[in-house]
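Below, each chain spelled out in residue letters.
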Amino acid sequence: MKIFIKNMVCGRCISAVEGIFNDFNISIQSIQLGEVETEADISEADIQSIEEKLEETGFERIKDSAHQLIEKIKNLIIVKISELDIDEDFLLSEFLVSELHKDYSSLSKTFSQNENITLEQFFILQKIEKVKELLLYNEFTLTEIAGKLGYKSVQHLSSQFRNSTGFTPTEFKKLKIHNRKPLDSV
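Residues numbered from 1 in each chain as written. Predicted model: local features only at pLDDT ≥ 70, side-chain atom pairs only at ≥ 80, totals over all residues. Heavy atoms only, no water.

If you check an unreviewed UniProt entry, the protein appears there as AraC family transcriptional regulator from Chryseobacterium piperi.

As structure tokens, then:
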């Protein structure tokens, strides 16, 4: 049985969800971001209990196919950005089509109708959150960050960053409060 779960965005999320299923003695066949496949069917009572425990922990069961697709899209984008391996020729549309084997216009339409934001805007916001993280860690220069996240130039990154946050990357680093958002609420 496959169960789709909203707000799973990292390895710790996988561990937390796995723990919930273990608490109910439900064997998992496979688990990945946004999706758990159990070895056997689960009773309605157990599903209800799991849903309650998921919600207590900040997750949510996704029941309809449109929202399942949206969660897959979000997880693909988050993982792609976390890999820090986006070249400047990267096209979000080609990436999603190759991963999901669906027409980009239908993916885009489904996403924007349900999320009130376009796929491109979501992608940019996720990249901006990653830039914030990398700036705070101080491991990379702005030029290196721009290269790792597919920006054509530091100016392009800075412009997008300022449009999104109201600050330049340098101004952001100097702030006392850094206003980072959890990835599942971007």
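Back to the write-up after that little detour.
Draft legend 1. How the structure looks around the pattern of salt bridges. Applying the stated criterion across every chain yields a total of eight salt bridges. The residue Lys-74 makes a salt bridge to Glu-115 at a minimum N-O spacing of 2.9 Å. Taken together, the positions of Lys-74 in helix 3 (residues 65–82) and Glu-115 in helix 5 (residues 104–115) put the pair 41 residues apart, joining distant regions of the chain. Owing to a relative accessible area of 10%, Lys-74 belongs among the buried residues under this scheme. With relative accessibility at 22%, the residue Glu-115 sits in the partly exposed group. The closest approach of N and O atoms between Glu-133 and Lys-130, which form a salt bridge, is 3.3 Å. Residue Glu-133 and its partner Lys-130 are both found in helix 6 (residues 119–137); the two are separated by three residues, about one turn of the helix. Here Glu-133 matches Lys-130 in class, with each residue buried. Residues participating in the shared-partner salt-bridge network are Glu-51, Arg-61 and Lys-63. (Salt bridge = Lys/Arg side-chain N within 4 Å of Asp/Glu carboxyl O. Helix = DSSP H or I, 4+ residues; strand = E, 2+ residues; numbered from the N terminus. Buried < 20%, exposed > 50% of the residue type's maximum accessible area, 1.4 Å probe, protein only.)

Draft legend 2. Up close: the domain arrangement of the protein. Entries for the protein in the domain assignment read domain 1 (2–63) and domain 2 (67–175). If you average the C-alpha positions of domain 1 and of domain 2, the two centres end up 27 Å apart. In this complex, domain 1 contributes 11 residues to the contact, which on the side of domain 2 involves seven residues. Carbon and sulfur atoms supply 60% of the area buried between domain 1 and domain 2, which totals about 730 Å² over both sides. Considering only the side of domain 1, the residues that lose the most area to domain 2 are Phe-4, Leu-33 and Ile-62, jointly responsible for 53% of the buried surface there. (Domains from an automatic or database assignment. Contact = heavy atoms within 4.5 Å. Buried area = accessible area lost by both parts, 1.4 Å probe.)

Draft legend 3. Spotlight on the environment of Ile-117. Along the chain, the position of Ile-117 falls in the loop between helix 5 and helix 6. Taking the C-alpha atoms as reference, Ile-117 lies 19 Å from Val-9; in sequence the two are 108 residues apart. If sequence neighbours within four positions are ignored, Ile-117 has contacts with Phe-111, Ser-112, Phe-122 and Leu-125.

Draft legend 4. Just helix 3, in detail. Between the first and last C-alpha of helix 3 there are 26 Å, a value that for 18 residues agrees with the 26 Å anticipated at 1.5 Å per step. For helix 3, every residue scored as buried is listed here: Gln-68, Leu-69, Ile-70, Glu-71, Ile-73, Lys-74, Asn-75, Leu-76, Ile-77, Ile-78, Lys-80 and Ile-81. For helix 3, the secondary structure elements touched by its buried residues are strand 1 (2–6), strand 4 (60–62), helix 4 (92–100), helix 5 and helix 6. Put simply, Asp-64 is the residue that caps the front of helix 3, since its side-chain oxygen is 3.2 Å from the backbone nitrogen of Ala-66. Leu-84 sits one or two residues past helix 3 and shows a positive phi near 55°. (Expected span 1.5 Å × (residues − 1). Polar contact = N/O pair within 3.5 Å; in protein donor to acceptor, adjacent residues only side chain to side chain.)

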